[in-house]
Structures are given as C-alpha cells and as structure tokens.
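Fold and contact review
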Amino acid sequence: MAYTRLIALASALLILTAAPALAARCGNNANGFEAWKRSFAQEAKANGIGQRGINALMGTRYAYGTIKADRGQHSFKLSLDQFMKKRGASAIASQGRRYKASNAALFNAIERRYGVPPGPLIAIWGMETGFGRYMGRQNTISAVATLAYDCRRPDFFRPHLYAALQLVDRGALSPSQVGAMHGEVGHTQFLPRNVLLYGVDGSGDGRVDLNNKADALASTANFLRGHGWRPGAGYQPGQPNYRAIQGWNAAGVYQQTIAIVGAQIDGG
C-alpha cells in the first residue's frame, strides 16, 4: 500500500472516530461480548465500515488471554535495573550492534529520510519482538475488539478497532492476522491506528507490511518523527528527542531502557 494511500486512510479514520457513536456498552467479562459486537457493528456500519470489516468483527471471539495479559503487566512496576535485567537489555544491546552492522544500508537510508539513528530503532525492535523472533500468536482483531469492549480502557482501544476494520476492508490486514496480546502487529508491534497514521513502505515494494523488517523499522522512525523527533538532537532523559520515545510507550522504565540501550548501540 503506497504512503499516499495511507494518508488517505488516516484522514478517513479521523472522520470516523469523530462521528457520533451509538455507545455500545462495555463489559467486564465475556457474557456481554456477543451483544456488544452486534451493537458495535451497527455503529461501525453507520460510520462507513464495509462488509469485510463487519464480517471480521462478527467473527471475533472474546480473548481471555488478552484480558489476562492486560491485567498482569507487572514488569512496568519494577525498578529500572530490575526491568532491564528482566527484559535482557544487555543482550539486546550486544545483538543490536551486530544488527546495526549487518543492516547498515537500511539504517543509513532510514536515518537520511527520518533523522532517527539506528540505536533507538534497534532497541525498540529488540525489546518488542527479540528482533522479529517472536511477534505473537493472538488473533489481532479479537484482541482489539475484546479491549474495545472491556470497561478498563474502551476509549483508547475503540479507535484501534475502527482502524483494524478499515485495514481489513482494504485488504491490508487479514481477519486471521496474529500478533501480540493487545493487538500489536509486526517487528516493532504497531497498534492498528498507528499502522494507518505512521505505516510506510520501507522496502520499496509499494505496500506496507509490518511483518517486513524494513517496513517496520521505517514506520517506527516515522512514528518517532511524528512525535517530534529532531534530527541530530539527543534522546536521553532531558534531551529534545526523549519526548518522542515517551510517545512510543507510557512506562518510564521502558522509556529509559530504550534510551540507554539505544545509546549503547549507537556508541558501539
């Protein structure tokens, strides 16, 4: 999918999410999920989602694993040292330096276009999926639909559900797509709305596929640029580009780890 087409999709998404909702009720367990889907399907049709997207929504199942994962994010409460040890930060830095060297042409091209150096991109890549070795097994549409239904954070996940259904409508996302427990997909784990807003073609094949390494890394750089990344500025806490890293993940220990590991990679 061309970048210009993604801009059009993003514009359509903003129109859809601004439209009046029919207020499908949230729930705290699986009991009301099927009724919620029917209600949300009516809302989605009224806001322009096509039949392919509606069919994908109606084919979802309540994702118990997603709810369990959403309630169990305890690692973000660890100290920085504990978090870095748990997430294997030293191994990510060591492996990351090798990936930087073996993919030098790709990272040079990304930095020329977006102004983002390899370090933070590689740190995110390693932290999210172990450099693409594990990108998740949870059905993406079911995960996002479950979280859009769940009463804990429905306002955050409903725009992502709309985005996922739009992507299905346009053939850019399969109803059988699998990813992480919260509906993230690809090498660096993009939520569906971020695919629409920041997904770019980094491989030059004319489409955006975040299971493709080049597309995922270029899209991550585009995300950081979209969150205020300034070429040549620092990205450690207190420096201008740290705010862009904060836009990637809300957890302070995660942000600090990306900055630390990124510097170790760039300095290596």
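Residues numbered from 1 in each chain as written. Predicted model: local features only at pLDDT ≥ 70, side-chain atom pairs only at ≥ 80, totals over all residues. Heavy atoms only, no water.

Per an unreviewed UniProt entry, the chain is named Murein transglycosylase, and its organism is Methyloceanibacter stevinii.

A few words now on the domain arrangement of the chain. By domain assignment, the chain separates into domain 1 (32–73 + 136–197) and domain 2 (81–131 + 210–266). Each of domain 1 and domain 2 has a C-alpha centre, and the two are 26 Å apart. Contacts between the two partners involve 10 residues from domain 1 and, on the opposite side, 16 residues from domain 2. Overall, the association of domain 1 and domain 2 removes approximately 990 Å² of surface from exposure, summing both partners, and the carbon and sulfur fraction of that is 63%. Considering only the surface of domain 1 that becomes buried against domain 2, His187, Thr188 and Phe190 emerge as the three largest contributors, covering 66% of it. Linking domain 1 with domain 2 are five residue pairs in polar contact (both at pLDDT 80 or more). For the side of domain 1 that touches domain 2, a count of residues per class yields four nonpolar, six polar and no charged. (Domains from an automatic or database assignment. Contact = heavy atoms within 4.5 Å. Buried area = accessible area lost by both parts, 1.4 Å probe. Polar contact = N/O pair within 3.5 Å; in protein donor to acceptor, adjacent residues only side chain to side chain. Nonpolar A, V, L, I, M, F, W, Y, C, P; charged D, E, K, R; others polar.)

Bringing the side chain of aspartate 215 into the picture now. Assignment of secondary structure puts aspartate 215 in helix α12 (residues 213–226). Despite its burial, aspartate 215 pairs with no opposite charge, the nearest such side chain being arginine 207 at 6.1 Å. Side-chain polar atoms of aspartate 215 contact the backbone nitrogen of serine 203, separated by 2.9 Å. Once you skip the residues sitting within four places of it in the chain, aspartate 215 turns out to touch Val200, Asp201, Gly202, Ser203, Arg207, Val208, Asp209 and Leu210. (Helix = DSSP H or I, 4+ residues; strand = E, 2+ residues; numbered from the N terminus. Buried < 20%, exposed > 50% of the residue type's maximum accessible area, 1.4 Å probe, protein only. Lys, Arg positive; Asp, Glu negative; His and termini not counted. Salt bridge = Lys/Arg side-chain N within 4 Å of Asp/Glu carboxyl O.)

Take helix α4 (residues 64–71) next. If you check which residues of α4 are buried, you get Thr66, Ile67 and Asp70. End-on, the buried residues of α4 take up no more than an arc of 100°, which puts them together on one face. The exposed set on the far side of α4, more than 90 degrees from its buried face, consists of Tyr64 and Lys68. Looking at the packing, one finds that the buried side of α4 touches β1 (138–139) and α9 (140–149). (Arc of directions from axis to C-beta.)

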